[in-house]
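# Geometric and topological summary
Listed here are the chains, written in short residue letters.
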Amino acid sequence: ENGLLFWQEVQKYKELCHSHCDEATIQNKITAIINCFINSSIPPALQIDIPPEQAEKILERRRDLGPYVFREAQMTIFSIMFKFWPDFCEFRSLLTDEKIVPLLERKKAKRVQQMKQKMREQEMLAKQEQEETKRKGTFSDIYGDNESSYSEELFTGREGYGRSRNVSWSYSKYLEALEQERMLLKIQEDLEKKTGSSVTSDNSSVYSIRSDDSKKSGKTLNSSHGHTQRLPSAARH
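This is a predicted model, so every value here is computed, not measured.

## Brief notes about the overall build of the protein
Across its full length, the protein holds 9 helices and 0 strands. The secondary structure elements of the protein, listed N-terminal to C-terminal, are α-α-α-α-α-α-α-α-α. Among the 237 residues that make up the protein, the fraction classed as buried is 23%. Contacts in the protein between residues at least 24 apart in sequence constitute 55% of all its contacts with a sequence separation of at least 6. When the accessible area of the protein is evaluated, it comes to approximately 17500 Å², of which 56% is carbon and sulfur surface.

## So, the environment of Gln180
Take Gln180: it is sitting in helix 9 (residues 171-236). Classification of Gln180 by relative accessible area gives buried; the value is 9%. Considered as a pair, Gln180 and Gln122 are 58 residues apart in the sequence and their alpha carbons are 9.6 Å apart.

## Some points on the packing of aromatic side chains
This structure, assessed with the given rule, holds 6 aromatic pairs. When the centroid spacing of 5.7 Å and the interplanar angle of 35° are considered together, the rings of Trp85 and Phe88 count as tilted. One end of the pair, Trp85, and the other, Phe88, are both in helix 5 (residues 85-93), 3 residues apart, so they sit about a helical turn from each other. A relative accessible area of 38% places Phe88 in the partly exposed class. Within the aromatic cluster, the residues linked to one another by ring pairs are Phe6, Tyr13, Phe37 and Phe70.

## Describing the side chain of Gln54
Of note, Gln54 is situated in helix 3 (residues 52-60). In this structure Gln54 touches Glu72, Ala73 and Thr76, once residues within four positions along its chain are discounted.

## What to know about the nonpolar core
With 19 residues, the main nonpolar core has Phe6, Tyr13, Ile38, Ile48, Ile50 and Phe70 as its most contacted residues. Residue assignment for this core shows that the elements contributing at least two residues are helix 1 (2-18), helix 2 (23-38), helix 3 and helix 4 (71-82). The residues touching Phe6, leaving out its near neighbours within four places in the chain, are Ile33, Phe37, Ile38, Ile48, Phe70, Ala73, Gln74 and Ile77.

Parameters at a glance
- Residues numbered from 1 in each chain as written.
- Predicted model: local features only at pLDDT ≥ 70, side-chain atom pairs only at ≥ 80, totals over all residues.
- Heavy atoms only, no water.
- Helix = DSSP H or I, 4+ residues; strand = E, 2+ residues; numbered from the N terminus.
- Buried < 20%, exposed > 50% of the residue type's maximum accessible area, 1.4 Å probe, protein only.
- Contact = heavy atoms within 4.5 Å.
- Areas by Shrake-Rupley, 256 points an atom, 1.4 Å probe, with all protein chains shown as cover.
- Phe/Tyr/Trp six-rings, centres within 6.5 Å; stacked < 30°, edge-to-face > 60°.
- Core = buried A, V, L, I, M, F, W, Y, C linked by side-chain atoms within 4.5 Å.

Listed below in structure tokens is the structure:
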């Protein structure tokens, strides 16, 4: 989606240049595109799938004011989007304009449901790994400097992750890493909540046992006290 928005904004920028708009407006447009997609204040700074070298080149040429400041980046994004063009044309030919948006909404809801299901499965796997690690007494390995089997399984398939792999970056992989990190934090919070609730229930059960014991001991003392009070009268009779 960001790639499509970037391509559209660059087209608008090129139209401004070809219409001989004033330099201040063109420069404001360049700055807006850079702040939104190339050097964003919201992490990651690079919000589109282009090489970091192209992003650096754009930052260096931002004062050129020509219509080709974003040319290489736009071509890179176009080559990515072009792969989906045949499927889009086929999809568009089968539906009228009135049915496209509802269908896309349903597909989006289905993707969200599948993602939630996948997250639940990964959470179950992570909980099993947590329990097994606790039994072995190696819980610190999960969050320590050493890589564990737990982290290996959760991050299988992520290219560029790990010390022994080649490091590469892209916006989509960054989003995937953020999602994995969010899942780990949620799992840790759930475990802490469960641990806290179990401790509270144990304390309450201990307190109730002590209360019962104190009541029983109190009854015993009262009964024994009654016997000692009646003994002198029985002796007198």
